Amino acid sequence: MKSNGFVLALAMLFIAVVTLSVARGAYADVGSMYGVGSSSVARAGQAVATPSDDAAVVHNVAALASTTTSVRLGFTGAVHALRLARQCQAGEACLAARAPSATRALTGGWAGQVHERVGLGVTFSTPASELVRITAPDPKRPHAPMLEGTADRFSLVAGAGVAVLPWLEVGIGLQVHARIASHVMLDLDPIHQTLDRTDVEIHLGPRIGATAGLRARGPGGTLWALSWRQAASVSYEIPARIGVDSVAAVDLRLAQLAHGTPQRVRFAAAITRATWTVEVGADWQRWSTRRGLGPDLSSNVGGPLVDGVGLGRVVDVNAPAAQWAPALEDTVSLAASGEWQARQELSLRAGWRYRPTPFPLASATAALVDSDAHVVAAGLSLQVGGW
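Cut-offs used in this document
- Throughout, residues of each chain are indexed from 1 in the direction in which the sequence is written.
- A pLDDT threshold of at least 70 governs which residues receive local features in this predicted model, and a stricter bar of 80 or more applies before side-chain atom pairs are shown or counted, although totals over entire chains, interfaces and linings include all residues.
- The side-chain numbers reported here are obtained from all heavy atoms of the structure, hydrogens and water having been left aside.
- Helix and strand definitions follow DSSP, with helices as H or I runs of at least four residues and strands as E runs of at least two, each counted in order from the N terminus.
- Only protein chains enter the accessibility calculation, which uses a 1.4 Å probe; a residue is then buried when its area is under 20% of its type maximum, exposed when over 50%, and partly exposed in between.
- Whether two residues touch is decided by their heavy atoms; if any such pair falls within 4.5 Å, the residues are in contact.
- Accessible surface area values rest on a Shrake-Rupley calculation with a 1.4 Å probe, where residue burial reflects the displayed protein chains alone.
- Stacked, tilted and edge-to-face are the three classes applied to pairs of Phe, Tyr and Trp rings, where Trp contributes its six-membered ring and a pair requires centres within 6.5 Å; stacked means planes under 30 degrees apart, edge-to-face means over 60, and tilted covers the rest.
- Salt bridges are identified by distance alone: a Lys or Arg side-chain nitrogen within 4 Å of an Asp or Glu carboxyl oxygen.
- Two N or O atoms form a polar contact when they lie within 3.5 Å of each other; inside protein one atom must be a possible hydrogen donor and the other a possible acceptor, and for residues adjacent in sequence the pair counts only when both atoms belong to side chains.
- By convention a nonpolar core is built from buried Ala, Val, Leu, Ile, Met, Phe, Trp, Tyr and Cys residues, the set being connected through side-chain atoms within 4.5 Å.
- One number per residue, pLDDT, summarises how confident the predictor is, and it ranges from 0 to 100.

J.: Let's hear about the overall build of the protein chain: which residues, and what values?
T.: Counting secondary structure elements, the protein chain contains five helices and 16 strands. When the 387 residues of the protein chain are sorted by exposure, 45% land in the buried category. Within the protein chain, contacts between residues separated by at least 24 positions form 72% of all contacts whose residues are at least 6 apart in sequence. For the protein chain, the exposed surface amounts to about 19300 Å²; the carbon and sulfur share of it is 63%.

Written out as structure tokens, the structure is:
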């Protein structure tokens with residue numbers, strides 16, 4: 001393939017863009033961060049004992065055993081405002097904070113009973129604009145991993161719930177996330193200004209994790225619930241090779257944990273009456289096993305020309321992800337929510353959640369911006385006619 005004299009520069013630029021781009025290190029997904037469906041979102045995600053519609057697939061899969069048939073299709077959007085309390089002083093080498101991008105995701109789901117004691121459900125979330133987005137945040141520039149990239153990847157959760165006893169329901173499910181893998185190889189002939197070989201492959205594959213839950217009915221309209229979600233880790237790896245006319249070659253490899261949510265155990269208790277429901281709960285998340293906040297980058301330069309002058313090892317690069325991996329802490333979150341059916345066609349909902357941060361204070365190698373947060377939510381649903 002004939003080139004215009006810039007083939008070498010363009011090819012090197014292409015490889016640099018592909019291999020030095022780092023996917024956002026997201027540590028939350030749309031369902032975990034904002035809830036699933038209007039009812040769950042309005043209750044600050046606290047719907048473990050009393051989920052409605054397909055929200056049970058995410059919050060407590062056991063509740064599918066007695067759910068009503070529903071179909072949902074919606075849009076989740078959020079705009080994040082980031083403000084740092086500490087400002088740079090005069091003469092300080094300080095980088096400006098990276099503002100988290102807005103969350104835009106298409107969401108949907110279905111839930112219903114297929115038998116008197118068996119229910120099924122499925123819910124999904126997919127980016128509303130780009131299916132795959134790759135960016136390059138500077139690890140030393142303040143950025144918010146809990147807010148970035150929550151909607152940049154496709155996720156699917158499906159499950160089944162069974163009423164094994166009149167007072168006990170159990171359920172199991174699967175969570176599926178998309179994984180990105182690619183391979184790039186270029187062979188250049190700078191003398192004749194040709195690109196002799198191009199080999200670029202990109203693969204989208206699934207990563208699967210498990211979920212489980214149970215719910216028990218007690219006296220006086222009480223409900224007791226427990227749910228568990230396996231940790232989900234979606235990584236990517238981009239190996240690339242540039243060969244220059246059998247004289248020199250550059251092998252590049254970039255890998256990172258692009259999406260990681262911790263193992264999660266949730267406990268909740270609720271009281272239900274004819275027109276109102278109140279629920280409280282605790283949420284334990286095992287963040288201490290999460291690693292790989294930054295990229296694992298390595299390069300190997302070789303070939304007869306480079307090795308002949310003794311520069312083979314001098315220009316090699318090895319930047320493991322460990323240097324960007326501060327220890328995270330396990331957290332326990334507390335929450336409460338309620339729902340009141342003011343009229344037959346009108347329901348009001350509200351919720352509160354305390355979310356402690358798992359991230360340590362920012363350091364010289366990893367400026368992770370996060371803090372303990374109090375989340376307050378409210379909403380309503382209005383039934384019009386038969387809808």
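Continuing now.
J.: Break down the environment of Gly161 for me, with residues and values.
T.: Within the secondary structure, Gly161 sits in strand 4 (residues 155-165). For Gly161, a relative accessible area of 0% gives the class buried. Considered as a pair, Gly161 and Ile172 are eleven residues apart in the sequence and their alpha carbons are 6.7 Å apart. Every residue in contact with Gly161, bar those within four places of it in the chain, is listed here: Val61, Ala62, Leu64, Ala65, Arg117, Val118, Gly119, Val170 and Gly171.

J.: Any chance you could break down the packing of aromatic side chains for me, citing the residues and the numbers?
T.: Summed over the entire model, instances satisfying the criterion amount to two aromatic pairs. Ring geometry for Trp287 versus Phe359: centroids 6.3 Å apart, planes at 50°, classification tilted. Residue Trp287 is found in the loop between strand 11 (276-286) and strand 12 (296-302), and its partner Phe359 is found in the loop between strand 15 (346-355) and strand 16 (373-382); the two are separated by 72 residues along the sequence. Residue Trp287 shares its accessibility class with Phe359, and that shared class is buried.

J.: Residues and numbers for the pattern of salt bridges, please.
T.: Using the criterion set out here, one finds nine salt bridges in the structure. Arg43 is the partner of Glu339 in a salt bridge, and the nearest nitrogen-oxygen pair spans 3.9 Å. With Glu339 in strand 14 (residues 331-343) and Arg43 in the loop between helix 3 (37-42) and helix 4 (56-59), the pair connects residues that are 296 residues apart, well separated along the chain. With a relative accessible area of 23%, Glu339 lands in the partly exposed category. Overall, the relative accessible area of 1% leaves Arg43 in the buried class. Note that Arg215 and Glu169 form a salt bridge whose closest N and O atoms lie 3.0 Å from each other. Remark: Glu169 occurs in strand 5 (residues 168-189) and Arg215 occurs in strand 6 (residues 194-217); sequence separation between them is 46 residues. Arg215 gets classed as buried once you look at its relative accessible area, which sits at 6%. One salt-bridge network, held together by shared partners, links Arg43, Glu279, Glu339 and Arg349.

J.: How would you explain the environment of Gly213 if you had to name every residue and give the values?
T.: Relative to the elements of secondary structure, Gly213 occurs in strand 6. You can call Gly213 buried: its relative accessible area is 11%. Gly213 has contacts with Asn60, Val61, Ala62, Glu169, Val170, Gly171, Leu226 and Ser227, leaving out every residue within four places of it along the chain.

J.: An account of unusual backbone geometry is requested, with residue identities and associated values reported.
T.: Its identity as a non-glycine residue notwithstanding, Ala44 has a phi of 60°, on the positive side. Mapped onto the elements of the fold, Ala44 is located in the loop between helix 3 and helix 4. Relative accessible area serves as the criterion here: at 9%, Ala44 is assigned to the buried category. A positive phi angle, close to 50°, is found at Asp53, a residue other than glycine.

J.: Tell me about the side chain of Arg264, residues and numbers included.
T.: Checked against the element boundaries, Arg264 lands in strand 10 (residues 263-272). For Arg264, the side chain forms a polar contact with the side chain of Asp283, separated by 2.5 Å. With near-sequence residues (within four places) excluded, Arg264 lies in contact with Ser32, Ser227, Trp228, Arg229, Asp283, Trp284 and Gln285.

J.: Can you break down the nonpolar core residue by residue, with the values?
T.: Grouped together as the largest cluster of nonpolar side chains are seven residues: Ala56, Val57, Val61, Ala63, Leu64, Ala111 and Val157. Here Val57 is in contact with Leu64, Gly121, Val122, Thr123, Val157, Ala158 and Gly159, once residues within four sequence places are set aside. Membership of the second largest hydrophobic core comes to six residues, among which are Ala49, Leu223, Ala268 and Ala270.

J.: Now, about the confidence of the model for the protein chain: what can you tell me, with residues and values included?
T.: Confidence along the protein chain averages 75 in pLDDT terms, with 57% of residues attaining 70 or more. Confidence, read as mean pLDDT per element, is least for helix 1 (residues 7-20) in the protein chain (40) and greatest for strand 7 (residues 222-229) (96). Scored below 50 in pLDDT, residues 1-25 makes 66 contacts in the model with residues more than four places away or belonging to other chains.

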